[in-house]
Amino acid sequence: MPSVCFYFQVHQPYRMRHYPIFDIGESPNYFDDKANREICEKVAEKCYRPTNVLMLELIHRYPGAFKISYSISGVALEQFAEYTPDVLESFQALAATGQVEFITETYYHSLAALFNAGEFREQIRKHQATVQHYFGKKPTTFRNTELIYSNGIADMVEDLGFETMLTEGVDRVLGWRSPNFVYEPWHGRGMKLLLKNYKLSDDIAFRFSQRSWKDWPLSTEKFADWVHAIDGGGDTVNLFMDYETFGEHQWADTGIFDFMRALPEAIWRHPSFNFATPSEVAKMYPPVAKVDIPEAVSWADEGRDLSAWLGNPMQDASIAWVYKFERQIKDSGDENLLHQWRKLQTSDHFYYMCTKYWSDGDVHKYFSAYDSPHDSYVIMSNILTDLEIRLKKSPKKVPTFTLPTEFQKKKAPVKAGTLKKGRVIKKGAAGAATQQ
Amino acid sequence: MLGWEIPPFNSGGLGTACLGLTEGLSSQDVDIRFVVPKVFGKLPFNHMKVLSAADYSGESQLKALLEREDIQQEFITHQLAYGARISLDEKKQLLVEHINQNLPVAPHIQATWYAQQAAAIAEQTEHFEIIHAHDWFTYYGGMAARDVARRKGHNVPFIAHVHATELDRSGENGDPAIIAIERTGLHAADHVVAVSHYTKELLHRRYNIPRAKISVVHNGIPSHKQPEVFDIQELKKHHKIVLFMGRMTMQKGPDYFVKLAKAVTDEDPNVRFVMVGSGDMEKRCIEESARIGLTGKMLFSSFLRGNSVDRAYQLADLFVMPSVSEPFGIVALEAMQNGTPVLVSNQSGVAEVSNNIMKVDFWDIEAMKGSVLSALYDPNFHAAMKQGGYEDLQNLTWDHAAAKMKAVYEHVLQSMQPLQLQPAYAS
């Protein structure tokens, strides 16, 4: 009894504004509020609103039977709350049906998994709490930014208590194996792994309106036939895609909404098929094997690797610089600064800097807020230079560590701020204050 | 006067120089008509009349010129691949469109088109005593206008003013077509004006122009405009700042600036380098800086306009112009005007006009590094450069340049021979 498992990615970055050199040291406004609002509003109109209405309609029409899942990045949720609160409410309405699973990712849609394990964990926790806050349930399924996955990342995720994780079904990793089964991570201790069926997912997400494609136009029947063909050779068809596929990447006039509306019944024409959420799939089917993925994979571009965000000197140097700020930012104790810094970690900024100009270049360009990869590098350099200056200017909060009362001597601990720079407090003096 | 651009619709120093020089000349009672390929909007000055070449229809002259310059006509039709299928008028229209859209058009076509329009303008202008043409694009125009005047019976001199040559812009990889136009124009000119002795020598050596035919008139800065003074930007309080400003093309040596940044910041990581400008080497410079570890030490800005330019100079503790070959380099004077000490390459004309400019060979990164560090960290030296720069600028105004220019005009007019009478049967 195979399942069709839909997972939709919803994400909007905080795009950086064109931050001129003269603003360095002068303006802490890094993001293009106007453009972000406009894009959020535009995508809401083209995609989020009509698609949420459609999904709600399908769920109500097929109670208990039609199921889907979402991962909405924290920065997207924030922008919905500020710019298009009705969109957030419609997601909450979907959550209330009980037929929708909400998945956790890094709050900032960042590449922290590759650079800073501590940040990775903190951003996951923050997202988990946010999802629980808005949608009422603590997620147990995790998907990393752009489905970036490796044995090591899976380890960290399982440590945090997640039961299911999603990633790309990359050919070079799977070899002869099929993505249509439940797997386990190489060092797994019970966490399940669901792999994207990229062929069928991309038929909808990328090829649906491509007139040069031999299977264009894609009818619901044709697609359902392809899904049905796995019967007997798989347990689940994992259709993972950007939610913006509906109405934004594939415009309404391509027929994408009608396709989706008719899909459930077409799938059910084969009596053994059902719809399930990722955590249901993980529970329903036993894992068939462990997969060894030592080097990171992703769902992006032809290479399904990290080359969309990393690899050219502009990307590598910028991201390394961003993560260098961690200690200083956290020591400053400034929540606003921390939030801004984390928004700069969003993977999109590095995606814009990509200079691969084969077929993927077109996709990058379509999604870029800037004229060229160099522009976004220059802007980020300006912003990070400003951040550097702000940190120099902000009064340094001296981190203090106070022993529990029962271990304290009578003298009061040294207060923060009374230490001179570089002075080392000797052992035993005044409680135990340490200084960076 | 035949020009290529005039601020605010300019892409570089040529427009700035033409504006400064014409302001100086008109304050000395020289009446100027200034021709540009096209006027794109309202111009914020009224010391001279600016004519838009694209707006003139000069069919008869066009026909005459096209018939005479049959090699060029061949060239045009060949380049546009229309052969004889279209009329002359249509060809002209196409040329205008090509030039306005900045489509890559062969230099001969651009120059010929401009020459046709210049001839039309000369035809419709009652009286002019001198034809003064700025850089290669306009040299054919100067020749064509002179032909028109001669036909009317006036022997009007054509002065070619060299702000830059193709050899400066592109070194040995220059476009041979442009070099040919330059050579033709400079030899045809009655007199040549160079913006520096550096350029005069280059014209003599590489274009075979006799030294006696070349006068040097150095560029200047406007005396009446003092730059707006900006507050000290926070960035400057934390870092020493070294500035590059100019087109990012091979001529301006932006790649040497990147190398300099690497050498200096390896020694002193607290210095920040700033590159302002656009050009075909911009992306390469950005990628190269990231590749060699200058991220965070090298900042970029695209081309700036208006008072943002002064703001950038004031942001800097030192201005560096590492040009590979720079006929003059007005930017250096602008930097001095903003109180920013200047380091230029020995291969620049501006090096001739002030002793308060540091001079180093553009390729000598070690020497440049030494000069940069001493300029940044020796307060006495820094102050002396700044003060000396202000003083030198007193004599480096456009008024001075215009006075010299006017003297050249007078000299050239005196040396012109009256036209020989043509026997009536010759026409």
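Residues numbered from 1 in each chain as written. Chains lettered and ligands numbered in written order. Predicted model: local features only at pLDDT ≥ 70, side-chain atom pairs only at ≥ 80, totals over all residues.

Caption draft 1: Up close: the overall build of chain B. Along the backbone of chain B there are 17 helices and twelve strands. Here chain B holds 427 residues, and 47% of them are scored as buried. The contacts in chain B between residues at least 6 apart in sequence include a share of 71% that link residues at least 24 apart. (Helix = DSSP H or I, 4+ residues; strand = E, 2+ residues; numbered from the N terminus. Buried ≥ 20, exposed ≤ 12 C-beta atoms within 10 Å, placed from the backbone. Contact = placed C-beta atoms within 7 Å.)

Caption draft 2: The overall build of chain A, seen in detail. If you tally the helices and strands in chain A, you get 17 helices and ten strands. Taking all 436 residues of chain A together, the buried fraction comes to 45%. Put simply, of all contacts in chain A between residues at least 6 apart along the chain, 75% involve residues at least 24 apart.

Caption draft 3: Inspection of the pairing of strand β11 (residues 342–345) of chain B at higher detail. Residue and element names in this part refer to chain B. Covered by surrounding structure in β11 are Val-342 and Val-344 together with Leu-343 and Ser-345, the residues of both alternating faces. Bridge count for strand β10 (residues 318–321) against β11 is three bridges, and the pairing is parallel. Paired with Val-320 across the two strands is Leu-343, which belongs to β11. Bridge count for β11 against strand β12 (residues 358–360) is three bridges, and the pairing is parallel. When the sheet's bridge partners are listed, Leu-343 is paired in β12 with Met-358. (Pairing = 2+ DSSP bridges.)

Caption draft 4: Structural view of the interface of chain A and chain B. At the junction of the two partners, chain A supplies 20 residues and chain B supplies 16 residues. Elements with a contribution of two residues or more to the side of chain A that touches chain B: α12 (313–324) and α17 (373–393) of chain A. Looking at the side of chain A that touches chain B, the element that brings in the most residues is α17(A), giving nine residues. For the side of chain A that touches chain B, a count of residues per class yields twelve nonpolar, six polar and two charged. (Nonpolar A, V, L, I, M, F, W, Y, C, P; charged D, E, K, R; others polar.)

Caption draft 5: Inspection of the sheet that holds strand β4 (residues 158–162) of chain B at higher detail. Residue and element names in this part refer to chain B. Pairing within the open sheet is parallel, and its four strands lie in the order β3-β4-β5-β6. Unpaired on one side and paired on the other, β3 (131–134) and β6 (214–216) mark the two borders of the sheet. This sheet shows a mean twist of 25° between the axes of neighbouring strands, independent of strand direction. Relative to the sheet, helix α6 (residues 139–151) contacts β3 and β4, its axis offset from that of β3 by approximately 165°. (Axes fitted to C-alpha atoms, helices over the stretch in contact; angles between N-to-C directions.)

Caption draft 6: Structural view of the domain arrangement of chain B. Residues and elements named next belong to chain B. Splitting chain B by domain gives domain 1 (13–222 + 405–415) and domain 2 (234–395). When contributions to the side of domain 1 that touches domain 2 are tallied by element, the ones reaching two or more residues are α1 (13–27), α7 (166–170) and α9 (197–207). Of all the elements, α7 adds the most residues to the side of domain 1 that touches domain 2, at four residues. By residue class, the composition of the side of domain 1 that touches domain 2 is seven nonpolar, ten polar and two charged. (Domains from an automatic or database assignment.)

Caption draft 7: Main features of the sheet that holds β11(B). Residue and element names in this part refer to chain B. Spatial ordering of the open sheet is given by β9-β8-β7-β10-β11-β12, a layout of six strands whose pairing is parallel. Taken across any chain shown, the strands that pair with only one partner, and hence form the sheet edges, are β9 (298–301) and β12. Within the sheet, the average angular offset between the axes of one strand and its neighbour, ignoring direction, is 25°. Sheet strands in contact with helix α11 (residues 254–267) are β7 (240–245), β8 (271–276), β9 and β10, and its direction is about 170° off that of β8.

Caption draft 8: Focus on the nonpolar core. All names here are of chain B. With 234 residues, the main nonpolar core has Ala-118, Val-192, Leu-243, Ala-316, Phe-319, Val-320 and Ala-332 as its most contacted residues. For this core, the leading source of residues is helix α5 (residues 107–124), giving ten residues. In contact with Val-192, not counting residues within four places along its chain, are Ala-160, Val-162, Leu-186, Leu-203, Ile-209, Lys-213 and Ile-214. (Core = buried A, V, L, I, M, F, W, Y, C linked by C-beta atoms within 7 Å.)

Caption draft 9: The packing of α12(A) against helix α12 (residues 282–291) of chain B, seen in detail. Here α12(A) crosses α12(B) at 50°, and the two axes come no closer than 8 Å. The orientation of α12(A) relative to α12(B) falls into the category oblique. α12(A) and α12(B) meet at a crossing whose hand is left-handed. In contact with Pro313(A), Met314(A) and Ala317(A) of α12(A), α12(B) contributes Glu287(B), Ala290(B) and Arg291(B). Among the residues making up the contact of α12(A) with α12(B), the classes are represented as four nonpolar, no polar and two charged. (Parallel < 35°, antiparallel > 145°, perpendicular 65-115°, else oblique. Left-handed = near helix turned anticlockwise from the far one by under 90°.)

Caption draft 10: Up close: the environment of Leu337(A). Structurally, the position occupied by Leu337(A) is in helix α14 (residues 335–343). The spacing of Leu337(A) and Leu387(A) is 50 residues in sequence and 8.6 Å in space, taken between C-alpha atoms.

Caption draft 11: Geometry of unusual backbone geometry. Look at the link from Trp216(A) to Pro217(A): it is a cis peptide, with omega at -5°. Relative to the assigned elements, Pro217(A) resides in the loop between α8 (198–205) and α9 (220–228). For the bond from Pro7(B) to Pro8(B), the omega torsion is 5°, close enough to zero to count as cis. Within the secondary structure layout, Pro8(B) lies in the segment before α1. The backbone phi angle of Leu147(A) is positive, close to 55°, even though this residue is not glycine.

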